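# Observations on chain architecture
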Amino acid sequence: MSDQPKYRRILLKLSGEALMGDADYGIDPKVIGRLAHEIIEVQRTGVQIGIVIGGGNIFRGAGLAAAGMDRVTGDHMGMLATVMNALAMADAIEKSGGYARVMSAIQIHDVAEDYIRRRAIRHIEKGRIVLFAAGTGNPFFTTDSAAALRAVEIGANLVLKATKVDGVYTADPARHADATRYQQLTYDDVIQRNLQVMDTAAIALCRDHGMPLRIYDMTVAGNLMRIMRGESIGTLVS
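Residues numbered from 1 in each chain as written. Predicted model: local features only at pLDDT ≥ 70, side-chain atom pairs only at ≥ 80, totals over all residues. Heavy atoms only, no water.

This next bit is on the overall build of the protein. Of the regular secondary structure elements, the protein holds eight helices and eleven strands. Against the globule reference of 18 Å for 238 residues, the protein gives a C-alpha radius of gyration of 17 Å, in line with a compact fold. In terms of its C-alpha atoms, the protein occupies a principal-axis envelope of roughly 50 × 50 × 35 Å. Among the 238 residues that make up the protein, the fraction classed as buried is 50%. Here the contacts in the protein between residues at least 6 apart in sequence split such that 71% fall between residues at least 24 apart. For the protein, the exposed surface amounts to about 11200 Å²; the carbon and sulfur share of it is 50%. Charge-centre separation for the protein: the mean point of 27 positive side chains lies 6 Å from the mean point of 26 negative side chains. (Helix = DSSP H or I, 4+ residues; strand = E, 2+ residues; numbered from the N terminus. Rg over C-alpha atoms; globule rule 2.2 N^0.38 Å. Buried < 20%, exposed > 50% of the residue type's maximum accessible area, 1.4 Å probe, protein only. Contact = heavy atoms within 4.5 Å. Areas by Shrake-Rupley, 256 points an atom, 1.4 Å probe, with all protein chains shown as cover. Lys, Arg positive; Asp, Glu negative; His and termini not counted. Charge placed at Lys NZ, Arg CZ, Asp CG, Glu CD.)

Next comes the structure, spelled out in structure tokens:
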């Protein structure tokens with residue numbers, strides 16, 4: 001494989017749960033530090049990076065809505081959880097020697113810039129890693145949808161969904177020993193088979209804009225760099 005990165009600009013989607021490590025709640029400093037190091041390593045090869053982080057390690061609006069809380073209120077609380085995660089990741093990136101900016105889809109000026117598309121692209125072009133917080137700023141839309149939307153808006157070449165599983169399987173590999181991993185899928189495959197890769201709105205947005213999506217295991221050190229060099233890690237949806 002070439003040492004030159006295959007992609008010029010990527011959007012990395014991190015789940016909030018990914019930041020917990022082996023804990024049940026919150027952020028594991030070791031996990032966030034390792035992720036920051038890998039992200040900076042890739043960025044120094046010339047790849048421009050935007051990041052969307054979920055908030056499930058702190059708060060999940062849909063879960064509380066199911067228990068009786070107003071869904072819109074719950075989703076707004078979930079958006080604030082993503083701001084906390086983005087601030088933590090930005091701090092880890094800067095402690096590791098990188099430059100980061102947090103841009104929020106809801107106004108929260110004391111801790112983050114407003115999300116403005118042209119300004120975001122300018123930050124990325126200047127070598128800053130931009131963390132897009134607060135989802136899309138709207139209730140009922142997941143951070144998966146935010147990742148697809150921001151990827152299209154900033155002109156990314158690839159969306160990377162970092163998970164704790166090494167791709168998309170025919171069934172849950174933890175429960176079914178005969179489950180096999182898909183190397184490649186189409187957007188329509190994912191929707192029709194209800195594979196739960198990302199929510200349907202996110203997959204449809206990627207499909208409509210020809211945005212490739214790769215699902216990979218972020219717990220394996222070096223995977224992000226291997227993907228940038230063109231290795232077929234995880235599952236590609238295109």
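On to the side chain of Asn57, then. Note on placement: Asn57 falls in the loop between strand S2 (48-53) and helix H2 (61-66). A distance of 3.1 Å separates a polar atom in the side chain of Asn57 from the backbone oxygen of Gly26. Looking at Asn57, its side chain comes within polar contact range of the side chain of Asn85, at 2.7 Å. Sequence-distant contacts of Asn57, that is, excluding residues within four places in its chain, are made with Gly16, Glu17, Leu19, Met20, Tyr25, Gly26, Ile27 and Asn85. (Polar contact = N/O pair within 3.5 Å; in protein donor to acceptor, adjacent residues only side chain to side chain.)

Time to look at the pairing of strand S3 (residues 100-104). For S3, the tally of buried residues reaches four of five residues, placing the bulk of the element in the interior. Relative to strand S5 (residues 129-133), S3 is paired through five bridges, and the arrangement is parallel. Bridging across to S5, Ser104 finds its partner in Ala133. As paired elements, S3 and strand S4 (residues 113-114) share two bridges and run parallel to each other. Bridge pairing in S4 links Met103 to Glu113. (Pairing = 2+ DSSP bridges.)

Before going further, it helps to examine helix H4 (residues 117-125). Regarding H4, the residues found buried are Ala120, Ile121, His123 and Ile124. Down the axis of H4, the smallest arc covering the buried residues is 160°, so these residues share one side. In the stretch just after H4, Gly127 is the one whose phi turns positive, near 90°. (Arc of directions from axis to C-beta.)

This paragraph deals with the sheet that holds strand S6 (residues 158-163). Spatially, nine strands are ordered S4-S3-S5-S2-S1-S6-S10-S11-S9 in an open sheet, and the strand pairing comes out mixed. Of all the strands in the sheet, just S4 and strand S9 (184-185) have a single pairing partner and so form its edges. Packing of helix H1 (residues 29-43) onto the sheet brings it into contact with strand S1 (9-14), S2 and S5, and relative to S2 it is tilted by some 155°. (Axes fitted to C-alpha atoms, helices over the stretch in contact; angles between N-to-C directions.)

The phi dihedral of Ala134 is positive, around 70°, even though this residue is not glycine. Secondary-structure assignment places Ala134 in the loop between S5 and helix H5 (143-154). Given the relative accessible area of 1%, Ala134 is considered buried. With a phi angle near 75°, Phe140 is a residue other than glycine that sits in the positive phi range. Locating Phe140 in the fold gives a position in the loop between S5 and H5.

Here we take up the nonpolar core. Counting residues in each nonpolar core, the largest one holds 41 residues, and the members touching the most others are Ile51, Met89 and Leu131. Contributing elements (two or more residues each) for this core: S1, H1, S2, helix H3 (71-95), S3, S5, S6 and helix H8 (223-228). Dropping the residues within four chain positions of it, Ile51 is found in contact with Leu11, Leu12, Leu14, Ile39, Ile93, Ile129, Val130, Leu131 and Phe132. Of all hydrophobic cores here, the second largest spans 31 residues; its members include Ala148, Ala156, Ile203 and Ile215. (Core = buried A, V, L, I, M, F, W, Y, C linked by side-chain atoms within 4.5 Å.)

Here we come to the pairing of strand S10 (residues 213-217). S10 sits mainly inside the fold: five of its five residues count as buried. Residues Leu213, Ile215 and Asp217 of S10 are buried on one face, and the alternating residues Arg214 and Tyr216, pointing to the opposite face, are buried as well. Examined bridge by bridge, S6 and S10 share five bridges and lie parallel to one another. Counterpart to Lys161 in the pairing with S10 is Ile215. Alignment of S10 against strand S11 (residues 235-237), held across three bridges, turns out to be antiparallel. Bridge assignment links Leu213 to a residue of S11, and that residue is Val237.

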